[in-house]
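One-letter residues, chain by chain:
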Amino acid sequence: MKRILVLVLALVLAVLPAFGGALDTIKQRGILIVGVKGDFPPFGFVDERGQLAGFDIDLAREIARILLGSPDKVQLVTVTSANRIPMLQTAQIDVVIATMTITSARKQVIDFSVPYFCSGHLILVRRDNTTISRFSDLNGKRVATVQGSTGDRVVATLAPQAQRITFGQNSEALLALKDGRAEAFVQDDVLLLAFAKQDPSLKVVGWPPQMPGPYGIGVRKGETDLLGAINVALARIRSRGVYGKLTAKWFGEFAKELLPPAKCPPELRL
């Protein structure tokens, strides 16, 4: 019997690496599968070549470089604010790098890396709008928001009498604003600044950005090995000057409009 137990233990030890942590699985596969946005410039969008581009996409590639030795060892999967956590929980993706604000509610279901960006909320309106200049002006107005976004909860908190019209994609909410179905669109500051820059018929109001919160990289609960590796990778990306280069590349024109990291709380309580 003792010999049988020894053999069983030997077999268990032999197969343990195959059932290792998430980081081992990713390394064995040789590809990091990352959920990113495709409609959230300049973090994640489809460029003129039809390719995903943006700050989060570049960040994903830099993390793959550190974890797997090459920025090309990454598979990008487009997600939305509503489906990014379910896709992570069902293991369709390894991590989420998709403008995801760290909130107390989200921390109950997934784990987050250290923050990598700070974003507040602003209001996008048509340029000829003269009735909306601050969040309290949204009360009684039709406001476009995105399902699963913090912007939707911010409107509910700061303008509880607003008529929230919720969409699945930022592009859908933007179209609703432009065609008159909504009078305003509330989302993260950088996105709305990018939309206003692209379209002179729009303008951004609601300054200063309200209810700021930090963006974090999401991983499944309990995947401490992967979370630790990502935090180390983020530290290296900063210490080697890569983060500064990415910030200048994607936010240079908006830098003076953005909230400094020191103004960001550790999480957004919504």
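Before any of the text, the structure's been laid out above.
Just so it is clear, the structure is predicted and the values come from calculations on it, not from any experiment. Along each chain, the written sequence defines residue order, and numbers are assigned to residues from 1. Reporting in this predicted model follows two pLDDT cut-offs: at least 70 for local features of residues, and 80 or more for side-chain atom pairs to be given and counted; totals over whole chains, interfaces and linings ignore these cut-offs and use all residues. Excluded from the side-chain calculations are hydrogens and water; all other atoms, namely the structure's heavy atoms, are used.

Chemist: How do you make sense of the packing of aromatic side chains when you look at a structure like this?
Modeler: Two aromatic rings are characterised by how far apart their centres lie and by the angle between their planes. Only Phe, Tyr and Trp rings take part, Trp by its six-membered ring, and two of them pair if their centres are within 6.5 Å. Stacked means planes under 30 degrees apart, edge-to-face means over 60, and tilted covers everything else. All told, the structure shown has 13 aromatic pairs when counted by the stated rule. Centre to centre, the rings of Phe-45 and Trp-250 are 5.9 Å apart; their planes meet at 75°, and the pair counts as edge-to-face. Of the two residues, Phe-45 sits in strand S3 (residues 44-46) while Trp-250 sits in helix H9 (residues 242-251), which places them 205 residues apart along the sequence. Only protein chains enter the calculation, and the probe is 1.4 Å; a residue is then buried if its accessible area is under 20% of its type maximum, exposed if over 50%, and partly exposed in between. For Trp-250, a relative accessible area of 14% translates into the label buried. Ring centres of Phe-117 and Phe-251 lie 4.9 Å apart, and the angle between their planes is 40°; this geometry places the pair in the tilted category. Taken as a pair, Phe-117 in strand S8 (residues 117-126) and Phe-251 in helix H9 lie far apart in primary sequence, 134 residues in all. Helix and strand definitions follow DSSP, with helices as H or I runs of at least four residues and strands as E runs of at least two, each counted in order from the N terminus.

Chemist: For this particular structure, what's the right way to read the sheet that holds strand S2 (residues 39-40)?
Modeler: One key point about sheets: their strands pair by backbone hydrogen bonds, in either a parallel or an antiparallel sense. Pairs of strands are assigned from DSSP output, requiring at least two bridges between the strands. Ordered in space as S2-S3-S4, the three strands form an open sheet in which the pairing is antiparallel. Whereas interior strands pair on both sides, the edge strands pair on one side only; in this sheet they are S2 and strand S4 (52-53). The sheet contact formed by S2 and S3 spans two bridges and is antiparallel. Bridge pairing links Phe-40 to Gly-44 in S3.

Chemist: So what exactly am I meant to see when it comes to helix H6 (residues 170-178) here?
Modeler: Two residues of an α-helix separated by three or four positions point the same way, owing to the 3.6 residues in each turn. For H6, the full list of buried residues reads Asn-170, Ala-173, Leu-174, Ala-176 and Leu-177. Relative to the axis of H6, the buried residues are bounded by an arc of 160° and lie together on one face. Remark: Gly-180 follows H6 within two positions and exhibits a positive phi of approximately 90°. Working definition: the arc comes from the directions between the helix axis and the C-beta atoms, pointing outward to the latter.

Chemist: Just checking my understanding: could you explain the layout of surface pockets for this structure?
Modeler: In this approach the atoms are scanned with a rolling probe the size of a water molecule, which exposes any empty space left behind. Grid points spaced at 1 Å and placed over the protein atoms alone form the basis of the search, with a cavity being a set where a 1.4 Å probe fits but cannot get out and a pocket an open set showing protein on both sides within 12 Å along at least five of seven lines. Lining residues have an atom within 4 Å of a point. Grid points are joined across faces, edges and corners, and a volume is the space filled by probe spheres set on the points. Reported here for the largest pocket is a volume of approximately 200 Å³. Around the largest pocket, the lining is made up of 17 residues, and of these Phe-117, Cys-118, Tyr-243, Leu-259 and Pro-261 lie nearest the centre. Every element with two or more residues in the lining of the largest pocket is listed here: S8 and H9. Of all the elements, H9 adds the most residues to the lining of the largest pocket, at three residues. The classification used treats Ala, Val, Leu, Ile, Met, Phe, Trp, Tyr, Cys and Pro as nonpolar, Asp, Glu, Lys and Arg as charged, and all other residues, Gly among them, as polar. Across the lining of the largest pocket, the residue classes break down as 15 nonpolar, one polar and one charged. Taken as a whole, the second largest pocket holds about 150 Å³ of empty space. As for the second largest pocket, its lining consists of Pro-41, Pro-42, Phe-45, Ala-194, Lys-197, Gln-198, Lys-249, Trp-250, Glu-253 and Phe-254. The biggest single contributor to the lining of the second largest pocket is helix H7 (residues 189-198), with three residues. Taken together, the residues of the lining of the second largest pocket sort by class into six nonpolar, one polar and three charged.

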